[in-house]
Amino acid sequence: MSVNFWKFGIAAALVLLPASLVSAQEAPDADQTAALCHGGASICVSAKIPAVKATTQAVQSWMSPDVGAAWAAGYKGKGVTITIVDDFSSSSRFSGNFGIGTQYQRHGEWTREEASMIAPAAAIRSKDFSTSSAVPLARGRNVLNLSYGMYTTAGYSVNQIWWAPEESSIISYATKGSAIVSKAAGNDAVAVGGVTGGQQDYLDLALIGKPTAIFVGALSTNGTASSKAQLAWYSNYAGSDPAVQSHFLVVGVEGDKTGLYGTSFAAPIISGYAAIIGSKFTKATPVQITNDLLNTARTDTLINYDPSIYGKGEASLSRALAPVSIR
């Protein structure tokens, strides 16, 4: 059965902010971004972008201190390719600042920049999500960043959805363990895969239980044992399904520093972490890297830890890098 579905960037939760802030950021609403998947004449962008400028390789205040420690140890993502599947062709842009000056960019340009700042030695590729072609993998280890959802009327089973080659390839990679898939959990304050406005994110549902899929929620700040963090008010949470809980991580999205809010900006952090881990454990498989991230997450940095809210907990890059080897 073929079902019409919407594709849109989970756009920094800006669509959920008060109207005054939305106006200030000029963020697209759901209808504007939904239009990205309709009509023809879309251009697929699948090109390697230039190396990150040196100025972006400084540790920024919105990052976990673990990032700087990883860089100091020589792990910056070398040998791993991160492909950002996102909006690179629409006219929708909004402003923010990752610590290198205010910029006015498309959603995909923001998520790409964030991942590249976390893992500055990783190869970065861009795939426009308004096209339906399959996502190609690079040689070696691959990470796919999905800061968007695929929505339609709630109540269908996943096997009733006709997937375009793009999402079909992503689901296949997560199923076979060919690539790590970092998926933004969503900004509707519901459980992953839950119903919101009568619709569900079927890409979430299709990735549940897949070995290398990670759902990423947002904390309002980076947590520490002495200053615990809590789930951001907009973030989707793990819910009661053990299969989601076991593949759900949270990271700090400090929008008060960047002007960028939402699980859209949580997923690229995990994408960057996965690349950094791959640059240390150069023979590790995507499944091993995924499990390393999940199994080393912290719960002592979270307020009232509950697996139905935080899943495995807050991703800890330092703990994930600590072993001599991973299995």
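Note that residues are indexed from 1 along each chain, following the sequence as it is written. Given that this is a predicted model, residues contribute local features only at a pLDDT of at least 70 and side-chain atom pairs are listed and counted only at 80 or more, while totals for whole chains, interfaces and linings are drawn from all residues. Side-chain metrics rest on all non-hydrogen atoms present in the structure, leaving aside hydrogens and water.

1. As for the overall build of the protein
At step 1: Note on conventions: DSSP H or I runs of at least 4 residues are helices, E runs of at least 2 residues are strands, and numbering of each starts at the N terminus. For the protein, the count of helices and strands is 12 helices and 12 strands.
At step 2: For each residue, the accessible area found with a 1.4 Å probe, counting protein chains only, is set against the maximum for its type, and the residue is called buried under 20%, exposed over 50%, and partly exposed in between. Each of the 327 residues in the protein was classed as buried or not, and the buried ones make up 57%.
At step 3: Summing over all exposed atoms, the protein offers an accessible surface of approximately 12600 Å²; the carbon and sulfur share of this is 52%. Every accessible area reported is derived by Shrake-Rupley at a probe size of 1.4 Å, with residue values counting cover from the shown protein chains alone.

2. Here we look at the side chain of H247
At step 1: One can find H247 in the loop between α7 (242–245) and β11 (248–252).
At step 2: Whenever a nitrogen or oxygen atom comes within 3.5 Å of another N or O atom, the pair is scored as a polar contact, on the condition that within protein one atom can donate a hydrogen and the other can accept it, and that pairs from neighbouring residues in sequence are kept only if both atoms are in side chains. Reaching out from H247, the side chain makes a polar contact with the backbone oxygen of A213 at a distance of 2.8 Å.
At step 3: When checking whether two residues touch, look at their non-hydrogen atoms; a contact exists if any pair is within 4.5 Å. In contact with H247, other than residues within four places in its own chain, are K210, P211, A213, I214, F215, T290 and L294.

3. Observations concerning the packing of aromatic side chains
At step 1: In summary, the pairing rule links any two rings of Phe, Tyr or Trp, Trp by its six-membered ring, whose centres are within 6.5 Å, and it sorts them by plane angle into stacked for under 30 degrees, edge-to-face for over 60 and tilted for everything else. Enumeration according to the criterion identifies eight aromatic pairs in this entry.
At step 2: Judged by centre distance (5.2 Å) and plane angle (85°), the rings of F129 and Y148 are edge-to-face. Highlighted residues: F129 in the loop between β5 (123–128) and β6 (141–146) and Y148 in strand β7 (residues 148–153), separated in sequence by 19 residues.
At step 3: Exposure remark for F129: the relative accessible area of 1% places this residue in the buried category.

4. A word on the pairing of strand β2 (residues 80–86)
At step 1: Here β2 lies mainly inside the structure; seven of its seven residues are buried.
At step 2: On β2, burial covers both faces: V80, I82, I84 and D86 on one face and T81, T83 and V85 on the other are all buried.
At step 3: Strands are labelled as partners when DSSP assigns at least two bridges between them. In the sheet, β2 pairs with β6 via six bridges, with the strands oriented parallel. For I84, the partnering residue across the bridge sits in β6 and is N145.
At step 4: Taken together, the six bridges between β2 and β5 define a ladder with parallel strand orientation. Paired with I82 across the strands is I124, a residue of β5.

5. Description of the confidence of the model for the protein
At step 1: Of all residues in the protein, 83% attain a pLDDT of 70 or more, and the chain-wide mean is 85.
At step 2: Across residues 1–55, confidence stays below pLDDT 50; counting only partners more than four residues off in sequence or on other chains, it has 133 contacts. Known as pLDDT, the predictor's per-residue confidence is scaled from 0 to 100.

6. Things to note about the pattern of salt bridges
Where charged atoms from two side chains of opposite charge come close, those side chains can pair.
At step 1: A side-chain nitrogen of Lys or Arg and a carboxyl oxygen of Asp or Glu constitute a salt bridge if their distance falls within 4 Å. Summed over all chains, the structure comprises six salt bridges.
At step 2: As a salt-bridge pair, R106 and E109 come within 2.9 Å of each other at their nearest N and O atoms. The pair formed by R106 and E109 is uniform in burial state, with each residue classed as buried.

7. What to know about unusual backbone geometry
At step 1: For A189, which is not a glycine, the phi torsion comes out positive at approximately 55°.
At step 2: Counting through the fold element by element, A189 comes out in the loop between β8 (180–184) and β9 (199–201).
At step 3: In this structure, N304 is a non-glycine residue whose phi angle is positive, near 50°.
At step 4: With respect to the secondary-structure elements, N304 resides in the loop between α10 (286–295) and α11 (307–310).
At step 5: Residue classification places N304 among the exposed residues on the basis of a relative accessible area of 67%.

8. Observations regarding the packing of helix α4 (residues 107–118) against helix α9 (residues 267–280)
At step 1: In this description, a line fitted to the C-alpha atoms serves as the axis of each element, helices being fitted only across the stretch in contact, and the angle between N-to-C directions of two axes falls anywhere from 0 to 180 degrees. Close contact between α4 and α9 brings their axes to 8 Å; oriented N to C, the two are set at 35°. Where α4 crosses over α9, the two elements pack in a sense that is right-handed. Residues T111, E114, A115 and I118 of α4 form the contact with α9, whose own contacting residues are P268, I269, G272, Y273 and I276.
At step 2: Under the scheme applied, nonpolar residues are Ala, Val, Leu, Ile, Met, Phe, Trp, Tyr, Cys and Pro; charged residues are Asp, Glu, Lys and Arg; polar residues are all the others, including Gly. Along the lines of polarity and charge, the residues of the contact of α4 with α9 split into six nonpolar, two polar and one charged. Rotating anticlockwise by less than a right angle from the far helix to the near helix defines a left-handed crossing, while the corresponding clockwise rotation defines a right-handed one.

9. Remarks on the packing of α9 against α10
At step 1: At their nearest, the axes of α9 and α10 sit 10 Å apart, and the two run at 115° to each other. The chirality of how α9 crosses α10 is right-handed. Contacts between α9 and α10 involve I270, Y273, A274, I277 and G278 from the former and I289, D292 and L293 from the latter.
At step 2: When grouped by side-chain class, the residues that make up the contact of α9 with α10 number six nonpolar, one polar and one charged.

10. Concerning the nonpolar core
At step 1: Buried Ala, Val, Leu, Ile, Met, Phe, Trp, Tyr and Cys residues that are joined via side-chain atoms within 4.5 Å together make up what is termed a nonpolar core. Counting residues in each nonpolar core, the largest one holds 49 residues, and the members touching the most others are I82, I270, Y273 and I277.
At step 2: Those elements that provide at least two residues to this core are α3 (65–72), β2, α4, β10 (213–219), β11, α9, α10 and α12 (317–321).
At step 3: Examining the composition of this core, we find that seven residues originate from one element, α9, more than from any other.
At step 4: Those residues in contact with I270, other than ones at most four positions away along the chain, are S182, I214, V216, L249, V251, L293 and A315.
At step 5: One finds F129, Y148, I170 and V181 within the second-largest nonpolar core, a separate group that totals 33 residues.

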